[in-house]
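Architecture at a glance
Spelled out, the chains give:
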Amino acid sequence: MFCTVVEQDFDNDFLSQIDRVEELVSLTDKLDDETLICECFCVDVADIRQLCHENKKPDLEKLQNEFNLGQGCQGCLKRIDSWVNKIF
Ligand code: FES
């Protein structure tokens, strides 16, 4: 029986993506309805889902008009990358 060792060139970018699989997967996990997005105006994920269900993506203008989201400390807007893709 022969055993052949094949030398492979791994793409460093690919390897770094494998290292980040858990992080990348967690980026796409959907949030629970009760998760509070805007603490100043008590806007949770369920509120956003209900208001923006037609387009299946958060509409900031609608959210600001309806719930005043982001009109206080703006913390919810500053961390928008952490939640905007986890609503729908
Ligand atoms: S957390 Fe949304 S305005 Fe403060």
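One can find the structure itself at the top, above this paragraph.
Each chain has its residues counted from 1, following the order in which its sequence is written. Residues qualify for local features only when their pLDDT is at least 70, as the model is predicted, and side-chain atom pairs are given and counted only at 80 or more; totals for whole chains, interfaces and linings, by contrast, use all residues.

1. A closer look at the overall build of the chain
Let me state the cut-off plainly: Only runs of H or I of at least four residues qualify as helices and only runs of E of at least two qualify as strands under DSSP, and these elements are numbered from the N terminus. Any residue surrounded by 20 or more other C-beta atoms within 10 Å of its C-beta is treated as buried, while 12 or fewer makes it exposed and the intermediate range makes it partly exposed; C-beta atoms here are placed from the backbone. The contact criterion used is a C-beta to C-beta distance within 7 Å, with each C-beta placed from the backbone.
A count of helical and extended segments in the chain gives five helices and two strands. Secondary structure elements in the chain, listed N-terminal to C-terminal, are α-α-β-β-α-α-α. Residues counted as buried form 11% of the 88 residues belonging to the chain. Taking as baseline every contact in the chain between residues at least 6 positions apart, the subset at least 24 positions apart corresponds to 49%.

2. Side note on the environment of D32
Tracing the chain through its elements places D32 in the loop between helix 2 (21-28) and strand 1 (36-38). The exposure class assigned to D32 is exposed, which follows from the 10 C-beta atoms found within 10 Å. On a C-alpha basis, the gap between D32 and A46 in space is 8.0 Å, while along the polypeptide they are 14 residues apart.

3. So, unusual backbone geometry
One non-glycine residue, K56, lies in the positive phi region at around 55°. Structurally, K56 is set in the loop between helix 3 (45-51) and helix 4 (60-67). Assessed through the 9 C-beta atoms surrounding it within 10 Å, K56 is described here as exposed. In the Ramachandran plot, N68 falls in the positive-phi region, its phi being about 65° despite a non-glycine side chain.

4. Quick notes on the environment of K86
Position of K86 relative to the elements: it lies in the segment after helix 5 (75-78). By C-beta crowding, K86 is classed as partly exposed, having 17 other C-beta atoms within 10 Å. In the structure, K86 is positioned 29 residues away from K57 in sequence and 9.5 Å away in space, judged by C-alpha atoms. Setting aside residues up to four positions removed in sequence, K86 forms contacts with D29, K30 and L31.

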